[in-house]
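Summary of the model geometry
Each chain, letter by letter, is given below.
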Amino acid sequence: DSGVTQTPKHLITATGQRVTLRCSPRSGDLSVYWYQQSLDQGLQFLIQYYNGEERAKGNILERFSAQQFPDLHSELNLSSLELGDSALYFCASSAEGPISYNEQFFGPGTRLTVL
Amino acid sequence: AQRVTQPEKLLSVFKGAPVELKCNYSYSGSPELFWYVQYSRQRLQLLLRHISRESIKGFTADLNKGETSFHLKKPFAQEEDSAMYYCALSDNAGNMLTFGGGTRLMVKP
């Protein structure tokens, strides 16, 4: 599969814990985006990285952080987890950026459940 | 701040009936608008974008700047169109996508 991949598919953890979600972009894509999808907030943009550098920030909590590594994969770190962090976390990648819009290709998502 | 509104959470139609999924936006600049679709157990994928002005799977969408709308239309719905549809807007810098709340389309036989 040459599309965007995300691991793990499901994650169940307890409040107060820390987790790391991983995303591998499509081959050649330099931009990676993270989105959170929850029942009450819908699909919300969290953060974008382009070729290892942070490019745009959305509604990302201070407890959350992300990075993009030299091989272009990205990780989203969620700490001090709360019940309200339970959501589907999507990663997307695009070919170019950050100047003009290019189609974002989405991964299958990681479902996080905080108990 | 940019905002996308999809007023209908659920739209149910019979096969062969016309479909219109509504999308309104709020944006101070010149928007780029998109429709994304998520079929059951599949990932989110781009359906169409306003700048390409094309028809995909029989769907079209026209940007109406006066009404700040980007409604998605199809003259004759098919059962395989049943899915979750999201309207999205991109900022001038081409970074983030702002999504609407989504509309679930159910096409009944």
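The structure reproduced in this document is the subject of the present report. (Residues numbered from 1 in each chain as written. Chains lettered and ligands numbered in written order. Predicted model: local features only at pLDDT ≥ 70, side-chain atom pairs only at ≥ 80, totals over all residues. Heavy atoms only, no water.)

The helix and strand tally for chain B stands at zero helices and eleven strands. Ordered by position from the N terminus, the helices and strands of chain B form the series β-β-β-β-β-β-β-β-β-β-β. For chain B, the C-alpha radius of gyration of 13 Å lies close to 13 Å, the compact-globule estimate for 109 residues. Over its C-alpha atoms, taken along the principal directions, chain B stretches across nearly 40 × 30 × 25 Å. (Helix = DSSP H or I, 4+ residues; strand = E, 2+ residues; numbered from the N terminus. Rg over C-alpha atoms; globule rule 2.2 N^0.38 Å.)

A few words on the sheet that holds strand E3 (residues 19–21) of chain B. The strands that make up a sheet are held in pairs by hydrogen bonds between backbone atoms, and each pair lies either parallel or antiparallel. All names here are of chain B. With antiparallel pairing, three strands are arranged side by side in an open sheet as E3-E8-E7. Because the sheet does not close on itself, it has two edges, and the strands there are E3 and strand E7 (60–61). Where E7 and strand E8 (residues 72–74) come together, two bridges link them in antiparallel fashion. The residue bridging Ala61 from the neighbouring strand is Leu72, located in E8. (Pairing = 2+ DSSP bridges.)

All names here are of chain A. Overall, the coordinates contain two disulfides over all chains when judged by the stated rule. The disulfide bridge from Cys23 ends at Cys91, spanning 1.8 Å between sulfur atoms. Note on the Cys23 and Cys91 pair: the S-S dihedral is about -55°, so by sign convention the disulfide is left-handed. Pair noted here: Cys23 is in strand E3 (residues 19–24) and Cys91 is in strand E9 (residues 87–94), with a separation of 68 residues, a long-range link. (Disulfide = S-S within 2.5 Å.)

Before going further, it helps to spend a moment on the pairing of strand E8 (residues 74–78) of chain A. Residue and element names in this part refer to chain A. Within E8, five of the five residues are buried, which leaves the element mostly enclosed by the surrounding structure. Every second residue of E8 is oriented toward a common face, with Ser74, Leu76 and Leu78 on one face and Glu75 and Asn77 on the other, all of them buried. Bridge count for E3 against E8 is five bridges, and the pairing is antiparallel. The residue bridging Val19 from the neighbouring strand is Leu78, located in E8. By the bridge criterion, five bridges tie strand E7 (residues 64–68) to E8 in an arrangement that is antiparallel. Residue pairing in the sheet places Ala66 in a bridge with Leu76 of E8. (Buried < 20%, exposed > 50% of the residue type's maximum accessible area, 1.4 Å probe, protein only.)

To continue, consider the side chain of A:Ser38. Residue and element names in this part refer to chain A. Along the chain, the position of Ser38 falls in strand E4 (residues 31–38). Look at Ser38 and you get buried, because its relative accessible area is 10%. If we ignore the near neighbours within four places in the chain, the residues touching Ser38 are Ser86 and Ala87. (Contact = heavy atoms within 4.5 Å.)

Turning to the nonpolar core, a few remarks are in order. Counting 25 residues, the largest nonpolar core has B:Trp35, B:Leu72 and B:Tyr85 as its most contacted members. If you list the elements that add at least two residues to this core, you get strand E2 (10–14), E3, strand E5 (32–38), strand E6 (45–49), strand E9 (83–90) and strand E11 (103–108) of chain B. The element that contributes the greatest number of residues to this core is E9(B), accounting for four residues. The next biggest cluster of nonpolar side chains, apart from the first, holds 20 residues, and it includes A:Val32, A:Leu46, A:Ala66 and A:Cys91. (Core = buried A, V, L, I, M, F, W, Y, C linked by side-chain atoms within 4.5 Å.)

A separate point is the pattern of salt bridges. All names here are of chain A. The tally for this structure, following the rule as stated, stands at seven salt bridges over all chains. For Glu82, the salt bridge goes to Arg63, with nearest N and O atoms at 3.7 Å. Of this pair, Glu82 sits in the loop between E8 and E9 while Arg63 sits in the loop between strand E6 (53–57) and E7, and the two are 19 residues apart along the sequence. Glu82 gets classed as partly exposed once you look at its relative accessible area, which sits at 44%. The salt bridge involving Asp85 is made with Arg63; its shortest N-O contact spans 2.8 Å. (Salt bridge = Lys/Arg side-chain N within 4 Å of Asp/Glu carboxyl O.)

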